[in-house]
Amino acid sequence: MTISEPAHPDRAPHTLAERAEHDGYFLVEGLIPDGECSLFVERLQEFAATARALPEGLSLHREPMVETNGPQLPKGHDIRKIGGLIHDDLFRKLITRKEIIDRMRDIVGEPIRLFRADALMKPAQVGSEKGVHQDSPYWPIEPMSLWSCWIPFDDATLDNGCLMVVKGSHRKGPMPHVSTQNDYVIPTDRYDGDDLVAVPMKRGTGIFFHSLLIHGSAANTSGTPRRAVTMSYLGPHHRYVGTKQAPEYPTVS
Ligand SMILES: O=C(O)CCC(=O)C(=O)O
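Presented here is a report on the structure given in the accompanying data block.

Basis of the calculations
Residues numbered from 1 in each chain as written. Predicted model: local features only at pLDDT ≥ 70, side-chain atom pairs only at ≥ 80, totals over all residues. Helix = DSSP H or I, 4+ residues; strand = E, 2+ residues; numbered from the N terminus. Rg over C-alpha atoms; globule rule 2.2 N^0.38 Å. Buried ≥ 20, exposed ≤ 12 C-beta atoms within 10 Å, placed from the backbone. Contact = placed C-beta atoms within 7 Å. Near = placed C-beta within 6 Å. Nonpolar A, V, L, I, M, F, W, Y, C, P; charged D, E, K, R; others polar. Pairing = 2+ DSSP bridges. Axes fitted to C-alpha atoms, helices over the stretch in contact; angles between N-to-C directions. Expected span 1.5 Å × (residues − 1). Arc of directions from axis to C-beta. Core = buried A, V, L, I, M, F, W, Y, C linked by C-beta atoms within 7 Å. Parallel < 35°, antiparallel > 145°, perpendicular 65-115°, else oblique. Left-handed = near helix turned anticlockwise from the far one by under 90°.

Helices and strands together make up the secondary structure of the protein, namely five helices and 16 strands. Radius of gyration (C-alpha) of the protein: 17 Å, near the 18 Å computed for a compact globule of 253 residues. Overall, the C-alpha framework of the protein stretches about 50 × 40 × 40 Å when taken along its three principal axes. Here the protein, with 253 residues, has 38% of them falling under the buried criterion. Contacts in the protein between residues far apart in sequence, at least 24 positions, make up 84% of those at least 6 positions apart.

Right under this line is the structure:
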């Protein structure tokens, strides 16, 4: 397993914690071996096609383009998101995997609780873009400093909707967001599009990132799906500030 070298060696942060603080993200190559990526994909496709019983707590969300007026697609090829992966035995092992939890512990402290674990599927041709946003403005958690680990199970490319990030943007604090038809995004006049850097990744690579990092992903215009998991974690200092009864976030370390 190797951690990718930073793009600016002249002022390179030395430790993982320094890099995390400076850039708001870092990559870990080879986090999940190829063979395991295939197992995760198989499980996700079974759920998406309802070929496997959905454990209680798991939810399927259809691709909005298809939902409204899109083409008829084969079963399982119209799902954008599978929520609640903590309720699946295979994914629970991924969520609590040592290689991920050890890094999260260094950043958010301990005990670590899981905020969310969802699959983000971008079906071939119809997978829509995820507009440019920060995660924290979506979430009723303070302080706004959760960390996530996003892992593609297919190579994430420029054509199929790899992540795009603005390096170091988490240090500027929360940005205003506006609702669009199917999304919640930062208005385009509030950031410079030229600062967005595409982050193509081999499958099984993990990107760890701060919940204020500006990021998004383009539509999948390729002929193959891009399937990924995103897992977000809370440290001991994070608290629920929403208006409902505070959810029980499962402790994972
Ligand atoms: O999977 C994607 O395309 C977007 C991921 C994302 O926005 C997230 O994990 O917060």
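With that out of the way, let us pick up the environment of Ala-48. Mapped onto the fold, Ala-48 is located in helix α2 (residues 34-48). C-alpha of Ala-48 to C-alpha of His-77: the two residues are 29 residues apart in sequence and 7.3 Å apart in space. For Ala-48, the residues in contact, after removing those within four places along its chain, are Leu-60, Gly-76, Ile-79, Ile-82 and Met-121.

Around the ligand lies a shell formed by Leu-120, Lys-130, Asp-135, Ser-148, Trp-150, Gly-161, His-215, Ser-217, Ala-228 and Thr-230. Here the shell around the ligand is built from residues that sort into three nonpolar, five polar and two charged.

What follows is about the pairing of strand β13 (residues 206-210). Within β13, five of the five residues are buried, which leaves the element mostly enclosed by the surrounding structure. Side chains of β13 alternate between two faces, with Gly-206, Phe-208 and His-210 and Ile-207 and Phe-209 buried alike. Note that strand β2 (residues 25-29) and β13 share four bridges and pair antiparallel. In the strand pairing of β13, Phe-26 is matched with Phe-208. Relative to β13, strand β8 (residues 147-152) is paired through four bridges, and the arrangement is antiparallel.

Strand order in the open sheet formed by four strands is β6-β14-β9-β12, and the pairing between neighbours is antiparallel. The outermost strands of the open sheet, each flanked by one partner alone, are β6 (130-133) and β12 (197-199). On average, adjacent strands in this sheet sit at an angle of 25° to one another, irrespective of strand direction. Strand direction decides the pairing type here: strand β9 (residues 163-165) and β12, joined by three bridges, are antiparallel.

This paragraph deals with α2. Here α2 spans 21 Å end to end across 15 residues, near enough to the 21 Å set by a 1.5 Å rise per residue. Listed in full, the buried residues belonging to α2 are Cys-37, Phe-40, Leu-44, Phe-47 and Ala-48. The arc that holds every buried residue of α2, seen down its axis, measures 100°, which confines them to one face. Away from its buried face, by an angle of more than 90 degrees, α2 presents the exposed residues Gly-35, Ser-38 and Glu-42. Here the buried face of α2 lies against β3 (59-62), β4 (79-83), α4 (89-95), β5 (113-122) and β15 (226-234). Trailing α2 by a residue or two, Thr-50 shows a phi angle of about 50°, which is positive.

Ranked by internal contacts, the top residues of the largest apolar core, which has 57 residues, are Ile-151, Leu-163, Val-165, Ile-207, Phe-208, Val-229 and Tyr-233. The element contributing the most residues to this core is β5, with six residues. Setting aside chain neighbours within four positions, we find Ile-151 in contact with Leu-31, Ile-32, Gly-204, Gly-206, Ala-228 and Val-229.

With omega at 0°, the peptide bond leading from Glu-110 into Pro-111 counts as cis. Counting through the fold element by element, Pro-111 comes out in the loop between α5 (98-108) and β5. For the bond running from Glu-142 to Pro-143, omega is -5°, close enough to zero to count as cis. Locating Pro-143 in the fold gives a position in the loop between β7 (141-142) and β8. Positive phi values are uncommon outside glycine, yet Thr-50 reaches one of about 50°.

Right, let's talk about the packing of helix α1 (residues 16-23) against α5 for a bit. Where α1 meets α5, the axes come as close as 10 Å, and the angle between the chain directions of the two elements is 65°. With respect to each other, α1 and α5 are oriented roughly perpendicular. Here α1 and α5 pass one another in a crossing that is right-handed. Across from Leu-16, Ala-17 and Ala-20 in α1, the residues of α5 making contact are Arg-103, Asp-106 and Ile-107. In terms of residue class, the contact of α1 with α5 is made up of four nonpolar, no polar and two charged.

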